[in-house]
Amino acid sequence: MSIKAFVIGHPINHSRSPLIHGTWLAEHQIDGSYAAIAIAPDELEPFFARLRAGEFAGGNVTIPHKEAVFALCDSVDPLARSIGAVNTLVVTAGRVHGTNTDYLGFLGNLDAGAPDWSERLDQAIVLGAGGAARAVLVALHSRGIRPVHVLNRTLDNAEQLARSIHGPFLAHPLAAFADLAPRAGLVVNTTSIGMHGTRFQDLDLDLLPPAALVTDIVYVPLQTPLLAAAAARGLRTVDGLGMLLHQAVPGFEAWFGVRPEVTPALRARIAATLGS
Ligand code: ATR
């Protein structure tokens, strides 16, 4: 029987996930499909009835449903709970299990792009305190990185975030970058700055140690102004597209039974759709 998987969201037409999973299905000659399905908030519950009836092996969840599906899942992974969002559903024997693979995507991307990134890493700086920052903090904590400085435009939001997840997280305003940068081996941008021509003001990357790694979760454009400035100073950089590709790996494996690879060819295929 053909195995079916999906991504649900509203709107859903910009999702790259069908192309990613479609590439892997073809590569492994699997009798299966992965479709983008537009589901409005009031259609979520009926959709879960279809899931429990066994129509799908599982799928991905995107905006605006990542929090709402919590209440509908029969079980939720503890890490998804600390991140506060579910992005992957796996259906087994009529039960729907919710997980979050964004933090694995973040780690998989760094492991592939800068294999020794966590060795001798002393302190990390995370820019931003929204939903994406939560997944990054959980990821860094899972690798034992401490302390992690959370720098945000609105200090309150950074303080709330640092309090709400278990881990060695310290909240600061963005202006603290100048003081913290000389000891930071990793800088992660989790804000939307870098999209639509926006850029950080007053982040002096010259203050970072020469071995520092700078990474961005923004992938449109692929080379954000932050990454361009870091590369111009000879710092190592990892762009955000890999996070999107690597977060898809555990879902595909759970639904279709094969662990797929993030290859340069897949990356090029998805990058070609980004228009940058
Ligand atoms: P997501 O869930 O995708 O992470 P979000 O919850 O809206 O998105 O979080 C956006 C993050 O980017 C926040 O940390 C936000 O800072 P505030 O808490 O001060 O709002 C940050 N952000 C967005 N636009 C910004 C800007 N122009 N300058 C500085 N920070 C910005």
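Further up the page is the structure itself.
The written sequence of each chain sets the order in which its residues are numbered from 1. Only residues with pLDDT of at least 70 get local features here, since the model is predicted, and only at 80 or more are side-chain atom pairs given and counted; chain-wide, interface and lining totals rely on the full set of residues. Side-chain figures throughout are based on the complete set of non-hydrogen atoms in the structure, without hydrogens or water.

A. The arrangement of the side chain of His149 in detail. Elements are defined by DSSP. Helices are runs of H or I of four residues or more, strands are runs of E of two residues or more, and each kind is numbered from the N terminus. Tracing the sequence through the fold places His149 in strand β8 (residues 148-152). Overall, the relative accessible area of 6% leaves His149 in the buried class. Here a polar contact means two N or O atoms within 3.5 Å. Within protein one must be a hydrogen donor candidate and the other an acceptor candidate, and residues neighboring in sequence count only if both atoms are side-chain atoms. Separated by 2.7 Å, the side chains of His149 and Gln123 make a polar contact. Within the structure, the side chain of His149 is placed 2.9 Å from the side chain of His172, a separation counted as a polar contact. Those residues in contact with His149, other than ones at most four positions away along the chain, are Gln123, Ala124, Ile125, Val126, Leu170, His172 and Leu180. Any residue under 20% of the maximum accessible area for its type is buried, any over 50% is exposed, and the rest in between are partly exposed; the area is computed with a 1.4 Å probe on protein chains only. Residues count as neighbours in contact if any of their non-hydrogen atoms are within 4.5 Å of one another.

B. Looking closely at the environment of His246. Residue position: His246 is located in helix α9 (residues 241-256). Those residues in contact with His246 that lie beyond four places of it in its chain are Gly105, Gly108, Asn109, Ala112 and Val262.

C. The arrangement of unusual backbone geometry in detail. That bond from Arg146 to Pro147 is cis: its omega, -10°, falls within 30 degrees of zero. Among the structural elements, Pro147 can be located in the loop between α5 (131-142) and β8. We note that Gln29 has phi near 50°; this positive angle belongs to a residue other than glycine. Mapped onto the secondary structure, Gln29 falls in the loop between α1 (17-27) and β2 (32-38). Unusually for a residue other than glycine, Asp202 sits at a positive phi of about 60°. When you line up the elements, Asp202 lands in the loop between β11 (193-196) and β12 (213-216).

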